[in-house]
Amino acid sequence: MDPAGTVVLTTVGRPHYAFDLFSLKLQPTTTTVTLGPEHRLTDGISVNLNAHFLDDDQTIVFISERSGSPRVYLTRPGLHSPKPLPFVPTSSFHDRPVVNNNRVYFISAHEQPDRPFKSWSALYSTRLDELDLTRLTPYGSVDYSPAFSQSGKFIAVASYGSRPWGGEFHELHTDIVVFPESDPNSRVTVCERGGWPTWSGDSVIYFHRQAEDGWWSIFRVNYSESCELSGPPNTAIRVTPPGVHCFTPAAIQDGERLAVATRRKGNKFRHVEIFDIGSEKFYPVTETLNPNFHHYNPFVSPGSKLLGYHRFRGSESTQGESTIPHLEPVLSPIKAIRMLRLNGSFPSFSPNADFIAFNHDNFDGIKIVKSDGSKLWTLLKGRTSFCNSWSPTEKHVIYTSVGPIFESVKATVQIARIKFDPSELNNDHDDIKCDIKILTREDSGNNAFPCCSPDGKSVVFRSGRFGFKNLYIVDAVNGEFVDGGIRRLTEGSWIDTMPSWSPNGDLIAFSSNRHNPNNAETFSIYVIRPDGSDLRRIHVAGLEGSNDVDKERINHVCFSKDGEWLLFTANLGGVVAEPVSLPNQFQPYGDLYVIRLDGSGLRRLTCNPYENGTPTWRSEEELDMGRLCLGNESEDKLKGGFDEPLWISCDI
């Protein structure tokens, strides 16, 4: 049977974004930069970003996630709500729309490439009024960040070409490639190493990359139809100086200025500035207006009269959404699978699937939410905890890891059994009293990622008590404090982690690097019987012994209700957008996939530029969720709680 049910997942940082698009009037000279007022271009619904001006009268095309996935919309002054433009029905990801000659061009990720570890991103176009899809990226190639020359004759992209993704994401190893709009197969690499191109006229391209001194900077390369460069082949001229990070340039069509996003020493926020090319001076734009907000990806109107960008809309905004739903729909490519994004991590369903336990921001304790999102309770607070497993047989017992996350084998992390009165879930108060029983010895090091057996008698977990992180099974009530209360399931100088019990209890799936113990970056799926027999690896990216199969980074494995499918997060699809253009993502290549237990039937579930993980999966017949309850009083207020990429440092 095909996979089915409801998947609840985490998307790192994404619930907090609340991006809207804004514009400012540009002055014709740099010395008189206008600092306001800002004009809000979008309506405060969902996440809105990466826009393009169609004119100098505030008409834009942009990306919005209001439909459950990133799609292309158009808005203009006087339009009551954004107009959805034609989109690819089979695509879960659209990005960077640009309009030229009554066609909208955009990145989509709906066609699977010829091998794993290649991005699905490619450039397409369609008519503005109806779907008339044309692929401009050659099959087998990968393109990001399209930009039209001023005349509309040429397109520049950041491209991998046909090369596979190498696992990098701080700076993608893309080149700047140009081709005529009328002949997309006549592609020319005008510069190696570069991203986010923008045109000045038809002959100059600006782009960003990280310079050898460590500063992200804007570079320039000249282009002509004869493909002659203004210097040695494949070289570029650095435009912005060291000492300030500059990203995502947008050329102002006077040929003298650029709008850039910057990061400066002593300031943790990203801001938009105008850079005067001749004088090499920066002129601040957004820091005076909104000093404590990040501002992303500037764009300029055709006549250079308007400057746009997106930012957090503000917690005091009177228009649009002001809270974060506990659960929100995410578009699923498989009709029989419903996907919901949780404002939290490590969800676990109650036995009857009417509640979900999860860890909230910063892993501060455990909360419980009704599975329709209508009510929230706090079960445990003031203690760092992560990875929850609700007992399948006891509606009043939840297992969790108590202690610091992402620590060494010697750090004290313990498996806890949390017991509470389930009748309190019928009350109106917000806090639930609980008893905490520790199941592991305090001197046993790092014990984490518990999963309760289907009969409720045992808990499998990962422990580093003997120097390596392997799997153990412990008594679900008394822990290791009784004779025979704990036994070792796996043993070796590698990492076995994140175990998950099959629904009938005959198998335990887990992630491990035992095939390459010296590499803590690659993990694959293994299954084993609870008695330690029949250990085997499930090869996902290719056949055993192939080059691709040992590049797998697979975690957070769990079973379908019938035990025939596995759900997991993986790096198989690379990245779909330039990570430097987004807030911090620890693993922007993390997407959800399903595969049969025999290694067949691989399907991708999520496709976005974020890190998706910690999923849980229940069959649809177990759930009676009805319509999600959105906008209730227990939801978190939007505060813009996200960071700049942590790998961008100004201490150079």
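Computed from a prediction, not measured in an experiment: that's the story for all the values here. (Residues numbered from 1 in each chain as written. Predicted model: local features only at pLDDT ≥ 70, side-chain atom pairs only at ≥ 80, totals over all residues. Heavy atoms only, no water.)

1. Section: the overall build of the chain
So, step 1. Along the backbone of the chain there are one helix and 49 strands.
So, step 2. On C-alpha atoms alone, the chain measures out to a radius of gyration of 26 Å, which is about the 26 Å that the 2.2 N^0.38 rule sets for 652 residues.
So, step 3. Seen along its three principal axes, the alpha-carbon backbone of the chain occupies a region of about 80 × 55 × 50 Å.
So, step 4. When each of the 652 residues of the chain is scored for burial, the buried share is 61%.
So, step 5. Contacts spanning at least 24 positions in sequence make up 53% of the contacts within the chain whose residues lie at least 6 apart.
So, step 6. Counting only carbon and sulfur atoms, one obtains 47% of the accessible surface of the chain, whose full area is about 25500 Å².
So, step 7. Computed over 65 positive and 79 negative side-chain charges, the inter-centroid distance for the chain is 1 Å. (Helix = DSSP H or I, 4+ residues; strand = E, 2+ residues; numbered from the N terminus. Rg over C-alpha atoms; globule rule 2.2 N^0.38 Å. Buried < 20%, exposed > 50% of the residue type's maximum accessible area, 1.4 Å probe, protein only. Contact = heavy atoms within 4.5 Å. Areas by Shrake-Rupley, 256 points an atom, 1.4 Å probe, with all protein chains shown as cover. Lys, Arg positive; Asp, Glu negative; His and termini not counted. Charge placed at Lys NZ, Arg CZ, Asp CG, Glu CD.)

2. What about the domain arrangement of the chain?
So, step 1. Under the domain assignment used here, the chain contains domain 1 (19-312) and domain 2 (324-637).
So, step 2. Each of domain 1 and domain 2 was reduced to a C-alpha centroid, and the two centroids are 37 Å apart.
So, step 3. Taken together, the contact pairs 34 residues of domain 1 with 30 residues of domain 2.
So, step 4. Together, the buried faces of domain 1 and domain 2 total about 2600 Å²; carbon and sulfur atoms form 61% of this surface.
So, step 5. At the junction of domain 1 and domain 2, the tally comes to one salt bridge.
So, step 6. With its nearest N and O atoms 3.1 Å apart, the salt bridge here joins Arg115 to Asp548.
So, step 7. Mapped by element, the contributors of at least two residues to the side of domain 1 that touches domain 2 are β12 (142-148), β16 (195-200), β20 (244-252) and β24 (295-300).
So, step 8. Among the residues making up the side of domain 1 that touches domain 2, the classes are represented as 16 nonpolar, 12 polar and six charged. (Domains from an automatic or database assignment. Buried area = accessible area lost by both parts, 1.4 Å probe. Salt bridge = Lys/Arg side-chain N within 4 Å of Asp/Glu carboxyl O. Nonpolar A, V, L, I, M, F, W, Y, C, P; charged D, E, K, R; others polar.)

3. As for empty space enclosed by the protein
So, step 1. Under the defined criterion, the tally for this structure stands at six cavities of 30 Å³ or more.
So, step 2. Computed from the structure, the largest cavity encloses a volume of approximately 130 Å³.
So, step 3. As for the largest cavity, its lining consists of 20 residues, of which Asn50, Phe93, Asp95, Ala577 and Pro609 are closest to the centre.
So, step 4. Sorting the residues of the lining of the largest cavity by element identifies β4 (48-53), β8 (94-100) and β12 as the ones contributing at least two each.
So, step 5. It is β8 that contributes the most residues to the lining of the largest cavity, three residues altogether.
So, step 6. Counting only domains with at least three residues in the lining of the largest cavity, you end up with domain 1 (19-312) and domain 2 (324-637).
So, step 7. In terms of lining residues, the second largest cavity is bounded by 13 residues, among which Gly68, Ser69, Pro70, Val330 and Asn608 are the most central.
So, step 8. Here the residues of the lining of the second largest cavity sort into six nonpolar, five polar and two charged.
So, step 9. Shared between two domains, the lining of the second largest cavity holds at least three residues of each, these being domain 1 (19-312) and domain 2 (324-637). (1 Å grid on protein atoms, 1.4 Å probe; cavity = no way out; pocket = protein on both sides within 12 Å on 5 of 7 lines; lining within 4 Å. Points joined across faces, edges and corners; volume = space filled by probe spheres on them.)

4. Focus: the sheet that holds strand β19 (residues 237-238)
Neighbouring strands of a sheet are bound in pairs by backbone hydrogen bonds; such pairs are parallel or else antiparallel.
So, step 1. On the basis of which strands lie adjacent, the open sheet formed by four strands has the order β16-β17-β18-β19 and antiparallel pairing. The open sheet has two edge strands, β16 and β19, and neither has a second partner.
So, step 2. Note: strand β17 (residues 204-210) against strand β18 (residues 216-222), seven bridges, orientation antiparallel. Note on β18: the bridge partner recorded for Phe207 is Phe219. (Pairing = 2+ DSSP bridges.)

5. Thoughts on the layout of surface pockets
So, step 1. Its boundaries defined by the atoms lining it, the second largest pocket holds a volume of some 780 Å³.
So, step 2. The wall of the second largest pocket is formed by 36 residues, among which Ser348, Cys451, Ser500, Cys558 and Thr616 lie closest to the centre.
So, step 3. Elements represented by at least two residues in the lining of the second largest pocket include exactly β29 (345-349), β32 (376-390), β36 (447-452), β40 (496-501), β44 (555-559) and β48 (612-618).
So, step 4. Broken down by element, the lining of the second largest pocket gets its largest block of residues, five residues, from β48.
So, step 5. Residues of the lining of the second largest pocket, tallied by class, amount to 21 nonpolar, 12 polar and three charged.

6. Quick notes on the pairing of strand β27 (residues 327-330)
So, step 1. Where β27 and strand β28 (residues 337-342) come together, four bridges link them in antiparallel fashion. Across the sheet, the residue bridging to Leu327 is Leu342, located in β28.

7. Observations concerning the environment of Thr497
So, step 1. Counting through the fold element by element, Thr497 comes out in strand β40.
So, step 2. On the accessibility criterion, Thr497 (6% relative accessible area) is buried.
So, step 3. Sequence separation between Thr497 and Ile252 is 245 residues, and the spatial gap between their C-alpha atoms is 51 Å.
So, step 4. In contact with Thr497, other than residues within four places in its own chain, are Phe449, Arg462, Leu471, Phe510, Ser511, Phe523 and Asn555.

8. Brief notes about the sheet that holds strand β45 (residues 565-570)
So, step 1. In space, the four strands of this open sheet follow the order β44-β45-β46-β47, with antiparallel pairing throughout. Of all strands in the sheet, those bounded by a partner on one side alone are β44 and β47 (603-604).
So, step 2. In the sheet, β45 pairs with strand β46 (residues 591-596) via six bridges, with the strands oriented antiparallel. Paired with Ala570 across the bridge in β46 is Asp591.

9. Quick notes on the packing of aromatic side chains
So, step 1. The final tally for this structure, using the stated rule, is 28 aromatic pairs.
So, step 2. Seen in terms of ring centroids, Phe169 and Trp647 are 6.3 Å apart; in terms of plane orientation they differ by 85 degrees. Their pairing is edge-to-face. With Phe169 in the loop between β13 (154-161) and β14 (175-180) and Trp647 in the segment after β49 (636-637), the pair connects residues that are 478 residues apart, well separated along the chain.
So, step 3. Overall, Trp647 belongs to the partly exposed group, its relative accessible area being 22%. (Phe/Tyr/Trp six-rings, centres within 6.5 Å; stacked < 30°, edge-to-face > 60°.)

10. Looking at the pairing of β32
So, step 1. Of all 15 residues in β32, 11 are buried; the element is thus mostly enclosed.
So, step 2. Relative to β32, strand β31 (residues 364-370) is paired through five bridges, and the arrangement is antiparallel. Note that in β32 the partner of Asp364 across the bridge is Thr384.
So, step 3. In this antiparallel pair of consecutive strands, β31 and β32, the connection spans five residues, and Gly373 shows a positive phi of 80 degrees.

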